[in-house]
Amino acid sequence: MLINFNNSQELLEVAQKKRLYQKLLTQVKKDFEMANVGLEFNMDIKPNELRSILHEKIYFLILEKFQEYLNLLYVLDIPETAVKKIEADDVVDVSAEVCFLLLKRELQKVWFKDKYGS
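Procedures and definitions
- Residues numbered from 1 in each chain as written.
- Predicted model: local features only at pLDDT ≥ 70, side-chain atom pairs only at ≥ 80, totals over all residues.
- Heavy atoms only, no water.
- Phe/Tyr/Trp six-rings, centres within 6.5 Å; stacked < 30°, edge-to-face > 60°.
- Helix = DSSP H or I, 4+ residues; strand = E, 2+ residues; numbered from the N terminus.
- Core = buried A, V, L, I, M, F, W, Y, C linked by side-chain atoms within 4.5 Å.
- Buried < 20%, exposed > 50% of the residue type's maximum accessible area, 1.4 Å probe, protein only.
- Contact = heavy atoms within 4.5 Å.
- Axes fitted to C-alpha atoms, helices over the stretch in contact; angles between N-to-C directions.
- Parallel < 35°, antiparallel > 145°, perpendicular 65-115°, else oblique.
- Nonpolar A, V, L, I, M, F, W, Y, C, P; charged D, E, K, R; others polar.
- 1 Å grid on protein atoms, 1.4 Å probe; cavity = no way out; pocket = protein on both sides within 12 Å on 5 of 7 lines; lining within 4 Å.
- Points joined across faces, edges and corners; volume = space filled by probe spheres on them.

**Q** Describe the packing of aromatic side chains, and please don't skip the residues or the numbers.
**A** Enumeration over the complete set of coordinates arrives at 4 aromatic pairs. Consider the rings of F66 and Y69, whose centres lie 5.3 Å apart with planes at 40°: the pair is tilted. Of this pair, F66 and Y69 are both found in helix α4 (residues 66-76), 3 residues apart, which corresponds to roughly one turn of the helix. A ring pair is formed by F112 and Y116, whose centres lie 6.0 Å apart and whose planes are at 20°; its orientation type is stacked.

**Q** Break down the nonpolar core for me, with residues and values.
**A** Counting residues in each nonpolar core, the largest one holds 37 residues, and the members touching the most others are L24, F32, L50, L54, L72, L102 and L103. Among the elements of the structure, α1 (8-17), α2 (21-34), α3 (47-64), α4 and α6 (91-116) are those that each provide at least two residues to this core. Considering every element that reaches this core, the biggest residue donor is α6, with 9 residues. Dropping the residues within four chain positions of it, L102 is found in contact with F32, L54, I58, L72, L76 and I78.

**Q** Tell me about the side chain of D31, and name the residues and values.
**A** Locating D31 in the fold gives a position in helix α2. Judged by its relative accessible area of 2%, D31 falls in the buried class. The residues contacting D31, other than those within four sequence positions of it, are V75, L76, E106 and K109.

**Q** Which residues make up the packing of α3 against α4, and what values do they have?
**A** Where α3 contacts α4, the two axes come as close as 6 Å, and the packing angle between them is 125°. Regarding the angle of α3 to α4, the classification is oblique. Of the residues in α4, those in contact with I58, L61, I62 and E64 of α3 are F66, E68, Y69 and L72. Taken together, the residues of the contact of α3 with α4 sort by class into 6 nonpolar, no polar and 2 charged.

**Q** Would you mind going over the layout of surface pockets in detail, with residue names and values included?
**A** Within this model, the second largest pocket holds a volume of roughly 220 Å³. What lines the second largest pocket is I62, F66, Y69, L70, L73, Y74, D77, I78, P79, E80, V83 and V94. Listing elements by their share of the lining of the second largest pocket, those giving two or more residues are α4 and α5 (80-84). Considering every element that reaches the lining of the second largest pocket, the biggest residue donor is α4, with 5 residues. A per-class count over the lining of the second largest pocket returns 10 nonpolar, no polar and 2 charged.

Printed below as a string of structure tokens:
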């Protein structure tokens, strides 16, 4: 997927248009479970709600459970260099950017599985 997204909302809209949103939800649930980080949502969740839940969870992990946050980044395979490039001073903004990185990585996984089968 060679689309450069500007934000999470744009990414989620593309996921819906390409009929990958449900697979994205499944992948997010799976990876959070693999990282042993609790994240509850229904499979009929709307994109804005998903973004909000992810943002809140990441914010909480950064402030309260930093080791779990680092483990989540590792399990999701989010590059450390991408996280270090975030130019935000506020934890709210950092967590929003990490949420965007998370969604980009998860959509990339889903897109590859969909395109190349597996």
